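Descriptive structure summary
Chain residues, written in single-letter form:
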Amino acid sequence: MIDPDVFELGFDAYLARVAALTDDVLIPAEPEMVEAGEVPERVVEALANNGLFGVSIPRRLGGLEWSMSQQVQLTMEFTRASCVYRSRFSTVIGLCSQAILDHGTDEQRETMLPKMAAGEHVTAFALTEPGAGSDAGSLTTTARRVDGGWVIDGHKRYITNAHWADELVVFARTGEPEDGAAGVSAFLVPRDTEGVTTRLPTRMNGHAEAPVAEIDLAGARVADSALLGGELGAGFKAALRGINHARLHVAATCVGQATRMLEETSRHLPGRKQFGAPLADLGAVQADLGRCFADLEAARALTMEAARAFDSGTVPRHRIAAAKLFASEMASRVADRCVQLLGGEGIVGDHPVPRMWRDVRALRIYEGSSPVHERNLGRAVSRQVGVDGTLPDTYRVTRGPAVGA
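Described below are features of the structure shown in this document. Please read these numbers as outputs of a predicted model, since none were measured by experiment. (Residues numbered from 1 in each chain as written. Predicted model: local features only at pLDDT ≥ 70, side-chain atom pairs only at ≥ 80, totals over all residues. Heavy atoms only, no water.)

1. What to know about the layout of surface pockets
Taken as a whole, the second largest pocket holds about 350 Å³ of empty space. Of all the elements in the fold, those that place two or more residues in the lining of the second largest pocket are α2 (30-36) and α10 (352-361). Per-element tally for the lining of the second largest pocket: the top contributor is α10, with five residues. In terms of residue class, the lining of the second largest pocket is built from eight nonpolar, five polar and seven charged. (1 Å grid on protein atoms, 1.4 Å probe; cavity = no way out; pocket = protein on both sides within 12 Å on 5 of 7 lines; lining within 4 Å. Points joined across faces, edges and corners; volume = space filled by probe spheres on them. Helix = DSSP H or I, 4+ residues; strand = E, 2+ residues; numbered from the N terminus. Nonpolar A, V, L, I, M, F, W, Y, C, P; charged D, E, K, R; others polar.)

Listed below in structure tokens is the structure:
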């Protein structure tokens with residue numbers, strides 16, 4: 001549960017508390033996490049006690065209700081530590097809670113969200129399938145109507161938190177394939193439902209301490225009340241609400257990770273000498289550090305601007321996609337340069353940067369891969385300019401009267 005004192009804090013004080021948690025608990029626990037191959041339970045409890053499962057959930061439903069701009073600042077702070085920690089609550093604060101908040105019934109919101117905010121009810125977002133990743137319209141998981149409920153059959157993979165979730169938000173086809181998005185609905189499925197099994201992969205390339213899972217649904221039966229929002233065909237609408245929220249969090253995570261890697265590398269360089277001088281004094285090294293810092297600050301500004309636009313009341317989905325695309329590519333560039341600057345220590349041993357290098361690579365795939373974002377943004381640019389001559393989600397000065405000759 002959330003420490004009651006947390007609810008009394010203003011945002012600046014809460015941000016300082018999260019910074020202290022990051023420095024005093026999360027970063028020091030990384031070697032223990034790596035050794036154990038999982039996030040220690042005491043760390044999960046610290047995340048819950050400090051309210052990180054509830055940052056996006058309204059106060060009336062037990063959360064902290066910080067704005068998107070504030071959530072992004074918090075994410076940039078706590079992801080200076082391993083982004084594996086964030087994985088343990090990411091599906092709660094983004095993908096699942098937002099879909100339930102905006103598209104669930106009153107009963108679903110009031111039953112689930114307080115437990116989710118307290119860290120007592122973990123949820124997983126079961127959308128991706130072997131043949132339906134970026135092309136989510138190709139879902140083959142089905143839900144068929146039976147007396148008093150639904151029977152769900154299908155297979156999901158690469159699902160964060162699925163193996164230890166209490167509940168799965170499962171997207172399944174309830175209409176014919178030609179119905180497209182209109183034929184997909186979302187269901188709340190307890191993981192202990194008969195017919196539901198999960199399994200972990202044998203190997204992860206990054207995020208090894210919080211592996212994704214596969215889900216088999218074989219005749220999993222749920223009640224009528226499991227249909228999210230009680231509405232058929234609204235699955236994709238609910239999914240996009242959660243996905244846009246989560247994409248901004250991923251962009252902020254990339255900023256936090258790059259910040260830590262650049263700081264760790266910069267601390268290492270003055271103690272290493274090559275060609276008679278500290279590495280930090282060499283022009284080529286300074287140029288690399290400068291490029292890393294410029295990339296990092298550009299991603300920070302883009303992510304914060306997208307968050308402010310989100311808070312204005314309209315979800316700027318193209319700007320969010322641009323922030324996620326740029327920030328995730330930036331984090332990989334910074335990671336690669338930092339590993340190079342560390343030399344042998346970037347390949348051998350327990351330095352945190354090479355571990356983070358492996359972890360951030362996945363962020364170019366999570367919440368929409370980079371090539372898909374590039375394609376979609378390019379299409380949006382062409383389409384919008386063709387309509388009214390402007391770019392999508394762009395601030396424009398309102399024109400005054402035409403200036404005469």
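2. Focus on the packing of helix α4 (residues 68-78) against helix α8 (residues 283-311)
Two elements in contact, α4 and α8, have axes whose closest approach is 7 Å; the angle formed by their N-to-C orientations is 150°. The angle between α4 and α8 places the two elements in the roughly antiparallel class. The residues of α8 that touch α4, namely those facing Met68, Ser69, Val72, Gln73 and Met76, are Arg300, Thr303, Met304, Ala307, Arg308, Phe310 and Asp311. Of the residues assigned to the contact of α4 with α8, the class counts are six nonpolar, three polar and three charged. (Axes fitted to C-alpha atoms, helices over the stretch in contact; angles between N-to-C directions. Parallel < 35°, antiparallel > 145°, perpendicular 65-115°, else oblique. Contact = heavy atoms within 4.5 Å.)

3. Quick word on a positive patch on the surface
Positive charge collects at one region of the surface, where Arg317, Arg375, Arg379 and Arg383 lie side by side. Looking at which element gives the most residues to the positive patch, the answer is helix α11 (residues 370-388), with three residues. Looking at the secondary structure, you find Arg375 in helix α11. Exposure remark for Arg375: the relative accessible area of 44% places this residue in the partly exposed category. (Patch = residues over 30% accessible without salt bridge, like charges linked within 9 Å, V, L, I, M, F, W, Y side chains within 5 Å. Areas by Shrake-Rupley, 256 points an atom, 1.4 Å probe, with all protein chains shown as cover. Salt bridge = Lys/Arg side-chain N within 4 Å of Asp/Glu carboxyl O. Lys, Arg positive; Asp, Glu negative; His and termini not counted. Charge placed at Lys NZ, Arg CZ, Asp CG, Glu CD. Buried < 20%, exposed > 50% of the residue type's maximum accessible area, 1.4 Å probe, protein only.)

4. Some details on helix α6 (residues 106-117)
With 12 residues, α6 should reach 16 Å at 1.5 Å per residue; the first-to-last C-alpha distance of 16 Å fits that figure. Taken as a whole, α6 has its buried residues at Gln108, Arg109, Met112, Leu113, Met116 and Ala117. Seen along its axis, α6 keeps its buried residues to an arc of 125°; they face one direction. Across from the buried face of α6, at angles greater than 90 degrees, the exposed residues are Glu107 and Glu110. The elements touched by buried residues of α6 are α5 (83-103), β1 (123-126), β4 (167-173) and β5 (184-190). Count one or two residues on from α6 and you reach Gly119, which has phi positive near 80°. (Expected span 1.5 Å × (residues − 1). Arc of directions from axis to C-beta.)

5. A look at the nonpolar core
In this structure, Tyr14, Leu52, Leu74, Ile152, Phe171 and Phe187 are the most contacted members of the largest nonpolar core, which totals 80 residues. Looking at this core element by element, the count peaks at 10 residues for α5. Aside from chain neighbours lying at most four places away, what touches Phe171 is Phe125, Ala126, Leu127, Glu129, Leu139, Thr141, Lys156, Val184, Ser185, Ala186, Gly235 and Ala239. Membership of the second largest hydrophobic core comes to 38 residues, among which are Val72, Ala258, Phe310 and Leu341. (Core = buried A, V, L, I, M, F, W, Y, C linked by side-chain atoms within 4.5 Å.)

In short, the description is geometric, and any link to function would need to be established separately.
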